[in-house]
Amino acid sequence: MLEDNPDAARPAEFVEALAKGLSILESFDSEHPEMTLSDVARRVGLSPAAARRSLITLQALGYVGQTNKRFHLRPKVMSLGSAFYFSARVDEILQPELRHLVGTFGDASSVATLEGHDVLYIAHYSEQRARRPTAVVGVRYPAHATSLGRVLLAGLPDAAFDRYLREVEPVPLTKKTVIDKAALKDIILEVREKNYSTSTDQLDYGITALAVPIRGASGRPIAALNTSGYTGLVTAEDLVEKRLQPLRASAARLAHTLSRYPVLESIIGTR
């Protein structure tokens, strides 16, 4: 987990201890809500002694708690996410467009950026109530299995995209998930030409989505915006025909707004 982006250059001032602590916080999820010291060390790739030092520090700061011999996150961790939410002005800038799209078409809409091999959701709005993978702020999903991820992968420079294909090991989340790298490359290259992406039953059964890029001043995508509905009620072709132009208009408005606040583009933008 410490090697989420192993090719990234580490400056001389890089603080390894801080990186270890953050990696430990990221290791807790819905499948690992509480862990022993050994569990944490194994998931993060640390020695038990190093993991223990980090956990004790995080516990003293109020980010981690302990019940018997099992560690868990404390509510204070939410302050880290809320700091991003407010500094990026998500509620003020992103949410109105998502509400507009959902108010027009129903279903759900999200904004995400690219983090390593995953997409990271930074805003979401939905009127859907049935069970589906939760697209809440902060959740990550494999980029290859989402319309948002495919749009962002299409915006990568050639060298970065080639590195992604070398490193990634696509996992089948459904029987329809494209995991063949050659097929995935062809899909992404087509997305580059069309400037939008669709996906059907790739992340989970019942999800059909359409995504477009939100471009920064350089012309590169800094994030992606999507609209999604239930497979069977909508098709990818339906989304393209009825929602593509409004979705692009929303993305253009977001890009224009972000261009007025360069710091927000830096905060939100894909690294």
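A few points on the structure.

## Points about the sheet that holds strand 6 (residues 140–142)
Thinking step 1. Read across the open sheet, the six strands follow the order 6-5-4-9-8-7; overall the sheet is antiparallel. Since the sheet does not close on itself, it has two edges, and those belong to strand 6 and strand 7 (197–200), each with one partner. Taken over all neighbouring pairs, the strand axes of this sheet differ in orientation by 30° on average, direction set aside.
Thinking step 2. The sheet contact formed by strand 4 (residues 108–115) and strand 5 (residues 118–126) spans eight bridges and is antiparallel.

## Considering unusual backbone geometry
Note: most residues except glycine have negative phi, and most peptide bonds are trans.
Thinking step 1. Of note in the backbone geometry, Asn68 takes a positive phi value of approximately 55° without being a glycine.
Thinking step 2. Mapped onto the elements of the fold, Asn68 is located in the loop between strand 2 (64–67) and strand 3 (70–73).
Thinking step 3. Residue classification places Asn68 among the exposed residues on the basis of a relative accessible area of 72%.
Thinking step 4. Although it is not a glycine, Asn195 sits at a positive phi angle of roughly 65°.
Thinking step 5. Among the secondary structure elements, Asn195 is positioned in the loop between helix 8 (181–194) and strand 7.
Thinking step 6. With a relative accessible area of 29%, Asn195 lands in the partly exposed category.

## A closer look at the sheet that holds strand 3
Thinking step 1. Sheet architecture is open: three strands sit in the order 1-3-2, paired in antiparallel fashion. Only two strands of the sheet have a single partner each, and these edge strands are strand 1 (34–36) and strand 2. Direction aside, the axes of adjacent strands within the sheet are offset by 35° on average.
Thinking step 2. Taken together, the four bridges between strand 2 and strand 3 define a ladder with antiparallel strand orientation. Within the sheet, the bridge partner assigned to Val64 lies in strand 3 and is Leu73.
Thinking step 3. Along the sheet, helix 3 (residues 48–61) makes contact with strand 2 and strand 3, crossing strand 2 at roughly 105°.

## Some points on the packing of aromatic side chains
Thinking step 1. One pass over the full model with this rule turns up two aromatic pairs.
Thinking step 2. Here the aromatic rings of Tyr121 and Tyr141 are separated by 5.9 Å at their centres, their planes lie at 85°, and the arrangement is edge-to-face. Of this pair, Tyr121 sits in strand 5 while Tyr141 sits in strand 6, and the two are 20 residues apart along the sequence. The pair Tyr121 / Tyr141 is uniform in exposure class, with both members buried.
Thinking step 3. Centre to centre, the rings of Phe161 and Tyr164 are 6.4 Å apart; their planes meet at 15°, and the pair counts as stacked. Linking Phe161 with Tyr164, this pair stays in helix 7 (residues 158–167), spanning three residues, or about one helical turn.
Thinking step 4. Residue Phe161 is classed as buried on the basis of its relative accessible area of 2%.
Thinking step 5. For Tyr164, a relative accessible area of 4% gives the class buried.
Thinking step 6. The aromatic ring of Tyr63 is capped on one face by Lys76, whose charged end is 4.8 Å from the ring centroid.
Thinking step 7. Arg99 extends its terminal NZ or CZ atom over the ring of Tyr125, reaching a point 5.7 Å from the ring centre.

Calculation rules
Residues numbered from 1 in each chain as written. Predicted model: local features only at pLDDT ≥ 70, side-chain atom pairs only at ≥ 80, totals over all residues. Heavy atoms only, no water. Pairing = 2+ DSSP bridges. Helix = DSSP H or I, 4+ residues; strand = E, 2+ residues; numbered from the N terminus. Axes fitted to C-alpha atoms, helices over the stretch in contact; angles between N-to-C directions. Buried < 20%, exposed > 50% of the residue type's maximum accessible area, 1.4 Å probe, protein only. Contact = heavy atoms within 4.5 Å. Phe/Tyr/Trp six-rings, centres within 6.5 Å; stacked < 30°, edge-to-face > 60°. Lys NZ or Arg CZ within 6 Å of the ring centre and 35° of its normal.

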